[in-house]
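# Observations on chain architecture
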Amino acid sequence: MAASGSGGSRADNGYGSQQPRRRKGPGALATAYLVIYNVVMTAGWLVIAVGLVRAYLAKGSYHSLYYSIEKPLKFFQTGALLEILHCAFGIVPSSVVLTAFQVMSRVFLTWAVTHSVKELPLSCLCTAMPGCSLLPLSRKIFPLSFIHFSCMQAQVQTEDSVLLFVVAWTITEIIRYSFYTFSLLNHLPYLIKWARYTLFIVLYPMGVSGELLTIYAALPFVRQSGLYSISLPNKYNFSFDYYTFLILVMISYIPIFPQLYFHMLHQRRKVLSHTEEHKKSE
């Protein structure tokens, strides 16, 4: 992750942090910009958090809460793309490639999966269940128009897994951007620092689980609809199977997640133990 005085780049998919690098901080103008950026992003994710709570209290259920925060989630998660530019221009001392990979993974899930997979046809849901014969039977009993209507009931946005990663992202980003803001102002409360290096223990697995389950829930629709897939023949002589791509994305979590998670645990011990030693020395 970025240095303690940085403006929002990451090295852990947003759930933990890397030990700050010792280097000269950004200039006064860059610092002012980064403070504003982090304050705005903190406020944005707080809006999302409040929206979730209000929607839950109004509905009395946690199902389909995504729709209550869909627009601000898309806006502020997409706003994280600026973090790549922060690294590219050198105002944040983090790897451009690593930051781009982690930011784009969130943006990808937000737009290319959660936003794009609007409907899960009934036939797709049936193919995911061994021995399902609901669709053929319904076609014999009901008119085709009714079948079409019935097939449009389930949407990936209503999956509980979406709420799982949204809640994990929201808590993580409120802490992360607060951490950066106070660090830039050279007044970092220990509670925020502790939360930054501790809550990922729960939030990281929670977020990853939600992401994987959401992609898995989208697979039947992607396979049947051919979403974003390119088939041969075409004038570019190029093919792309989005269904296979999503499976590969899910498989990539297997080697990446343990490495990042154990690295963050190591960084937590290093950072918090250093803080405790510093307190004792005082």
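About the cut-offs
Within each chain, residue numbers correspond to sequence positions counted from 1 in written order. The model is predicted, so local features are restricted to residues of pLDDT at least 70 and side-chain atom pairs to those at 80 or more, both for listing and for counting; the totals for chains, interfaces and linings are taken over all residues. Note that water and hydrogens are dropped before the side-chain values are worked out from all heavy atoms of the structure. Side-chain rings of Phe, Tyr and Trp (the six-membered ring for Trp) are treated as a pair once their centres are within 6.5 Å; stacked means planes under 30 degrees apart, edge-to-face means over 60, and tilted covers the remaining angles. Helical segments are the DSSP runs of H or I of at least four residues, strand segments are the runs of E of at least two, and each set is numbered from the N terminus. Throughout this description, buried means an accessible area under 20% of the type-specific maximum (1.4 Å probe, protein chains only), exposed means over 50%, and partly exposed covers the range between. Two conditions define a charge sitting above a ring: the NZ of Lys or the CZ of Arg must be within 6 Å of the ring centre, and it must be within 35 degrees of the ring normal. To estimate the expected span of a helix, count its residues, drop one, and scale the result by 1.5 Å. For helices, the fitted line uses only the C-alpha atoms of the stretch in contact; every axis is such a line through C-alpha atoms, and the angle between N-to-C directions lies from 0 to 180 degrees. Angles below 35 degrees are treated as roughly parallel, those above 145 as roughly antiparallel, those between 65 and 115 as roughly perpendicular, and all remaining angles as oblique. Left-handed describes a crossing whose near helix is turned anticlockwise from the far helix by less than a right angle; the clockwise case is right-handed. We call two residues in contact when some of their heavy atoms are within 4.5 Å. Each residue is assigned to one class: nonpolar for Ala, Val, Leu, Ile, Met, Phe, Trp, Tyr, Cys and Pro, charged for Asp, Glu, Lys and Arg, and polar for all the others, Gly among them. By nonpolar core is meant a set of buried Ala, Val, Leu, Ile, Met, Phe, Trp, Tyr and Cys residues that side-chain atoms within 4.5 Å join together. Within this document, salt bridges are pairs made up of a side-chain nitrogen of Lys or Arg and a carboxyl oxygen of Asp or Glu, the two lying within 4 Å of each other. The pLDDT value expresses, per residue, how confident the predictor is, ranging between 0 and 100.

### Observations concerning the packing of aromatic side chains
The geometry of an aromatic ring pair comes down to the distance between the two centres and the angle between the two planes. A full pass over the atoms with the stated rule returns 18 aromatic pairs. Aromatic pair Phe179 and Tyr197: ring centres 6.1 Å apart, planes at 75 degrees, arrangement edge-to-face. Of this pair, Phe179 sits in helix 8 (residues 160-184) while Tyr197 sits in the loop between helix 9 (190-196) and helix 10 (200-225), and the two are 18 residues apart along the sequence. You can call Phe179 buried: its relative accessible area is 2%. Relative to Phe257, the ring of Tyr204 lies with its centre 5.1 Å away and its plane at 70 degrees, an arrangement referred to as edge-to-face. Here Tyr204 is found in helix 10, whereas its partner Phe257 is found in helix 11 (residues 242-281), with 53 residues between them in sequence. Among the residues examined, Tyr204 registers a relative accessible area of 2% and is labelled buried. Look at Phe257 and you get partly exposed, because its relative accessible area is 23%. Three or more aromatic residues joined by ring pairs make a cluster, and in this case those are Phe108, Tyr228, Phe240, Tyr242 and Phe245. Above the plane of the ring of Tyr177 lies Arg176, whose end atom (NZ or CZ) is 4.4 Å from the centre. Sitting over the ring of Phe179, Arg196 keeps its end group 5.2 Å from the ring centre.

### Notes on helix 10
Taking 1.5 Å per residue as the helical rise, helix 10 with its 26 residues ought to reach 38 Å, and the 36 Å between its terminal C-alpha atoms agrees with that figure. Looking one or two residues beyond helix 10, the residue adopting positive phi is Gly226, at roughly 75 degrees.

### Regarding the packing of helix 2 (residues 66-79) against helix 4 (residues 96-115)
Interhelical geometry of helix 2 versus helix 4 gives an angle of 140 degrees and a closest axis separation of 10 Å. One element, helix 2, and the other, helix 4, form an angle in the oblique class. Here the hand of the crossing between helix 2 and helix 4 comes out left-handed. Of helix 4, the residues touching helix 2 (which contributes Tyr66, Glu70, Lys74, Gln77 and Thr78) are Arg106, Val107, Thr110, Trp111, Thr114 and His115. In terms of residue class, the contact of helix 2 with helix 4 is built from 3 nonpolar, 5 polar and 3 charged.

### Details of helix 1 (residues 28-59)
Over its 32 residues, helix 1 runs 46 Å from end to end, which matches the ideal 46 Å to within 8%, given 1.5 Å per residue. Following helix 1 by one or two positions, Gly60 has its phi on the positive side, about 75 degrees.

### What to know about the nonpolar core
Counting residues in hydrophobic clusters, the biggest one holds 52 residues, and the most contacted among them are Trp45, Leu73 and Val166. Every element with two or more residues in this core is listed here: helix 1, helix 2, helix 4, helix 8, helix 10 and helix 11. Per element, the largest residue contribution to this core is 11 residues, and it comes from helix 11. Leu34, Cys87, Val92 and Leu184 belong to the second-largest nonpolar core, a separate cluster that totals 5 residues.

### Notes on the pattern of salt bridges
This model, assessed by the stated rule, comprises 4 salt bridges. Taking the shortest distance from any N to any O, the salt bridge between Glu173 and Arg106 comes out at 3.4 Å. Placement of the pair is Glu173 in helix 8 and Arg106 in helix 4, with a sequence separation of 67 residues. No difference in accessibility class separates Glu173 from Arg106, as the two residues are buried. For Arg176, the salt bridge goes to Glu173, with nearest N and O atoms at 2.7 Å.

### Quick word on the confidence of the model for the protein chain
When pLDDT is averaged across the protein chain, the result is 84; 76% of the residues are at 70 or more. When pLDDT is averaged over each element of the protein chain, helix 2 comes out on top at 98 and helix 7 (residues 144-150) at the bottom at 38. Predicted confidence for residues 1-9 stays below pLDDT 50, and this span has 52 contacts to residues more than four positions away or in other chains. Across residues 123-130 the pLDDT falls below 50, and counting only partners more than four positions away or on other chains, this stretch makes 10 contacts in the model.

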